[in-house]
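# Secondary and tertiary structure notes
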Amino acid sequence: MFALVAAFVLATATPARAGENTFVEVTPNTAQAGTRVNIRASCDNANNQQATVKSDAFGRVVLRPDNGFLTGAVTIPGNKQPGDYPVDLRCANGNTASTTLTVLNMAQPSKGPATGGGGTAGGRGAGSLLLVGGLAVVTVVAGLGMFGGGRRRAGTSS
């Protein structure tokens, strides 16, 4: 009975189609304009040949064979408008695949004005000098107390 069921399942199973392992991915798939993204793809059985990726986000990139995949990297132009951009793969064997890259173009925060005197100001200020001076006074007073309190006056008897 088991053999009959197994034969029926194997006979009705659909064979794997060519192009089933064709894909393209962009990492990170959400990136700030001006940053570099990595592209990894597979062209099914043609990963030993170059392929091309095109997108309005960065133009055209040639992917090269790398450990069983096709890889490349590209920098998104810094002035690229934010939005979702299709990334289209075209393989040497005619297979195609697509994904989406989301580009962000957020303004970078500016530094605050360098007015000085704040807690993060560099250099030695009056606070450092007061601390060192205070420690010196405490040390002198403690030293005088130890040496001055331990002496007995000559000529007086107790």
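Look a little higher up for the structure.
For every chain, the first residue of its written sequence is number 1, and the numbers climb from 1 along that sequence. Where local features are concerned, this predicted model is filtered to residues with pLDDT of at least 70; where side-chain atom pairs are given and counted, the filter is 80 or more; whole-chain, interface and lining totals use all residues. Excluded from the side-chain calculation are hydrogens and water; included are all heavy atoms of the structure.

### Focus on the state of the cysteines
Defined by distance alone, a disulfide is two cysteine sulfur atoms within 2.5 Å. Summed over all chains, the structure comprises 1 disulfide. Here Cys-43 engages in a disulfide with Cys-91; their sulfurs sit 2.0 Å apart. The sign of the -80° torsion about the S-S bond sets the Cys-43-Cys-91 disulfide as left-handed. Note that Cys-43 is positioned in strand E3 (residues 36-43) and Cys-91 in the loop between strand E7 (83-90) and strand E8 (96-104), a separation of 48 residues in sequence. Strands here mean DSSP runs of E at least two residues long; helices mean DSSP runs of H or I at least four residues long; both are numbered from the N terminus.

### Section: unusual backbone geometry
Cis geometry marks the peptide bond from Thr-27 to Pro-28, where omega comes out at -10°. One can find Pro-28 in the loop between strand E1 (22-27) and strand E2 (30-32). A positive phi angle is found at Asn-67, which is not glycine, with a value near 55°. Position of Asn-67 among the secondary structure elements: in the loop between strand E5 (59-66) and strand E6 (69-75).

### Considerations on the sheet that holds E5
The criterion for strand pairing is that DSSP finds at least two bridges linking the strands in question. Pairing is mixed in the open sheet, where 8 strands are placed in the order E1-E3-E6-E5-E4-E7-E8-E2. The open sheet has two edge strands with one neighbour each: E1 and E2. Between one strand axis and the next, the sheet turns through 30° on average, direction left out of account. Each axis is a line fitted through C-alpha atoms, and for a helix only the stretch in contact is used; angles between axes span 0 to 180 degrees, taken between their N-to-C directions.

### Side note on the pairing of E1
Exposed residues in this analysis have more than 50% of their type's maximum accessible area, buried residues have under 20%, and partly exposed residues fall in between, with area computed by a 1.4 Å probe over protein chains only. Where burial is concerned, the two faces of E1 differ: the one with Thr-22, Val-24 and Val-26 is buried and the one with Phe-23, Glu-25 and Thr-27 is not. Examined bridge by bridge, E1 and E3 share 6 bridges and lie antiparallel to one another. Among the inter-strand pairings, Phe-23 is bridged to a residue of E3, identified as Ser-42.

### Focus on the nonpolar core
Put simply, buried Ala, Val, Leu, Ile, Met, Phe, Trp, Tyr and Cys residues joined by side-chain atoms within 4.5 Å make one nonpolar core. The biggest cluster of nonpolar side chains holds 25 residues, and the ones touching the most others in it are Val-24, Ile-39, Val-53, Phe-58, Leu-63, Leu-89 and Leu-101. Among the secondary structure elements, those contributing two or more residues to this core are E1, E3, strand E4 (51-55), E5, E6, E7 and E8. When residues of this core are assigned to their parent elements, the largest contribution, 4 residues, is made by E3. In what follows, residue pairs with any heavy atoms lying within 4.5 Å of each other are defined as contacts. With near-sequence residues (within four places) excluded, Ile-39 lies in contact with Val-24, Glu-25, Val-26, Val-53, Phe-58, Val-61, Leu-63, Leu-70, Thr-71, Gly-72 and Val-74.

### Here's the deal with the side chain of Thr-22
For Thr-22, the position within the fold is in strand E1. Within the structure, the side chain of Thr-22 is placed 3.0 Å from the side chain of Asn-95, a separation counted as a polar contact. In contact with Thr-22, other than residues within four places in its own chain, are Ser-42, Cys-43, Asp-44, Leu-89, Cys-91, Asn-95, Thr-96 and Ala-97. Identification of polar contacts relies on pairs of N or O atoms within 3.5 Å, with a donor-acceptor requirement for protein atoms, meaning one able to donate a hydrogen and the other able to accept it, and with residues adjacent in sequence counted only if both atoms are side-chain atoms.

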